[in-house]
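Notes for the structure review
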Amino acid sequence: MKTLIIYTSQTGFTKRYAEWIAEKSHADIFNLKDVQKKKMPFFEEYNAIIYAGWCMASKVVKLDWFLEKVTNLKEKKLAVVAVGASPNEAPEVDVAMNNLLTTEQKQFIKVFYCQGGINYDKMKLLSKFALKMFANVLKNSKDAKQREQGELIGHSYDISDVKFIEPIVDFLGANN
């Protein structure tokens, strides 16, 4: 199966997952900026197309671009890989992932989530500022769980792991 992986990454976690998936599934991999320059018949040569993007405020960055491009490619294996700072088992992850696609889109696009982390050194200034402010709000919360979350996101950390690509590789049939 000829597979294409398109990714956008701000701090490197999504790029790392895209590279892991590409390596395991022998896929072609491109940064979103490079794909945006290509003519759209470009997608036609692939059986599977994966879009990997980083999460911000329960959304996946540039997901609308991908959804627009694959509207007429329902016969292909299509998936979104969302990479975020929350652990995979966090309840808010399931809620956010369930809300990424419309009911119709869910019929032909699969959604996966991979926990990544936070790297303040690589963040754009506005993102860094907004996240630090949010962390401080959470740290001052009366709710212990929110204070704990504020402590976690108040500094850089990496909770990514190659094991989280296994469901994606299985979806692609690359383990067969």
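Before going into details, it helps to say that this report is about the structure given with it. (Residues numbered from 1 in each chain as written. Predicted model: local features only at pLDDT ≥ 70, side-chain atom pairs only at ≥ 80, totals over all residues. Heavy atoms only, no water.)

1. Topic: the nonpolar core
- Membership of the largest hydrophobic core comes to 28 residues, with the highest contact counts inside it found for Ile 6, Phe 43, Ile 49, Leu 63, Phe 66 and Ile 109.
- Ranked by residues supplied to this core, first place goes to helix α3 (residues 63-70) with five residues.
- Leave out the neighbours within four places in its chain, and Phe 43 touches Leu 4, Ile 6, Val 35, Ile 49, Trp 65, Lys 69, Leu 73 and Lys 76.
- Core analysis: the next-biggest nonpolar cluster, separate from the first, contains 21 residues, Tyr 17, Ala 48, Val 83 and Val 169 among them. (Core = buried A, V, L, I, M, F, W, Y, C linked by side-chain atoms within 4.5 Å. Buried < 20%, exposed > 50% of the residue type's maximum accessible area, 1.4 Å probe, protein only. Helix = DSSP H or I, 4+ residues; strand = E, 2+ residues; numbered from the N terminus. Contact = heavy atoms within 4.5 Å.)

2. Points about the pattern of salt bridges
- Evaluated as defined, the whole model comprises five salt bridges.
- Glu 68 is the salt-bridge partner of Lys 69, the closest N and O atoms lying 3.8 Å from each other.
- What makes Lys 69 partly exposed here is its relative accessible area of 25%.
- Residue class for Glu 68 comes out exposed when judged on its relative accessible area of 57%. (Salt bridge = Lys/Arg side-chain N within 4 Å of Asp/Glu carboxyl O.)

3. A short note on a positive patch on the surface
- Judged by side-chain charge, Lys 33, Lys 37, Lys 62 and Lys 124 come together as a positively charged surface patch.
- Tracing the backbone shows Lys 124 in the loop between β7 (117-118) and α6 (125-139).
- In this structure Lys 124 comes out as exposed when scored by relative accessible area, which is 60%. (Patch = residues over 30% accessible without salt bridge, like charges linked within 9 Å, V, L, I, M, F, W, Y side chains within 5 Å. Areas by Shrake-Rupley, 256 points an atom, 1.4 Å probe, with all protein chains shown as cover. Lys, Arg positive; Asp, Glu negative; His and termini not counted. Charge placed at Lys NZ, Arg CZ, Asp CG, Glu CD.)

4. Some points on the packing of α6 against helix α7 (residues 144-153)
- Between α6 and α7, whose axes approach to 7 Å, the crossing angle comes to 150°. If you check the angle between α6 and α7, you find them roughly antiparallel. Crossing handedness for the pair α6 and α7: left-handed. When α6 is examined against α7, the residues Leu 131, Phe 134, Ala 135, Leu 138 and Lys 139 are found in contact with a partner set consisting of Gln 146, Arg 147, Gln 149, Gly 150, Glu 151 and Ile 153.
- Taken together, the residues that form the contact of α6 with α7 break down as five nonpolar, three polar and three charged. (Axes fitted to C-alpha atoms, helices over the stretch in contact; angles between N-to-C directions. Parallel < 35°, antiparallel > 145°, perpendicular 65-115°, else oblique. Left-handed = near helix turned anticlockwise from the far one by under 90°. Nonpolar A, V, L, I, M, F, W, Y, C, P; charged D, E, K, R; others polar.)

5. With respect to unusual backbone geometry
- Phi is positive for Ser 58, close to 65°, though the residue is something other than glycine.
- Relative to the helices and strands, Ser 58 resides in the loop between β3 (48-56) and β4 (59-60).
- Taking relative accessible area as the criterion, Ser 58 reaches 48% and is therefore assigned partly exposed.
- Phi is positive for Lys 62, which is not a glycine, with a value near 65°.
- Mapped onto the fold, Lys 62 is located in the loop between β4 and α3.

6. Focus: the side chain of Gln 115
- For Gln 115, the location among the structural elements is in strand β6 (residues 109-115).
- Reaching out from Gln 115, the side chain makes a polar contact with the backbone nitrogen of Asn 88 at a distance of 2.7 Å.
- In contact with Gln 115, other than residues within four places in its own chain, are Tyr 17, Gly 84, Ser 86, Pro 87, Asn 88, Glu 89, Ile 159, Ser 160 and Phe 164. (Polar contact = N/O pair within 3.5 Å; in protein donor to acceptor, adjacent residues only side chain to side chain.)

7. Overview of the pairing of strand β1 (residues 3-7)
- Burial of β1 is extensive: five of the five residues sit out of reach of the surface.
- Neither face of β1 is open: one carries Thr 3, Ile 5 and Tyr 7, the other Leu 4 and Ile 6, and all of them are buried.
- As paired strands, β1 and β3 are joined by five bridges and run parallel to one another. Paired with Ile 5 across the strands is Ile 50, a residue of β3. (Pairing = 2+ DSSP bridges.)

8. Here we look at the side chain of Thr 14
- Considering the arrangement of structural elements, one finds Thr 14 in helix α1 (residues 13-25).
- On the basis of relative accessibility, which here comes to 2%, the residue Thr 14 falls in the buried class.
- Once you skip the residues sitting within four places of it in the chain, Thr 14 turns out to touch Tyr 7, Thr 8, Ser 9, Ala 52, Gly 53, Trp 54 and Val 83.

9. Some remarks on the environment of Ile 21
- As for its position among the elements, Ile 21 is in helix α1.
- Residue classification places Ile 21 among the buried residues on the basis of a relative accessible area of 0%.
- Linking Ile 21 and Gln 149, residues 128 residues apart in sequence, is a C-alpha distance of 29 Å.
- Apart from the residues within four sequence positions on either side, Ile 21 is in contact with Ile 5, Val 81, Ile 165, Ile 168 and Leu 172.

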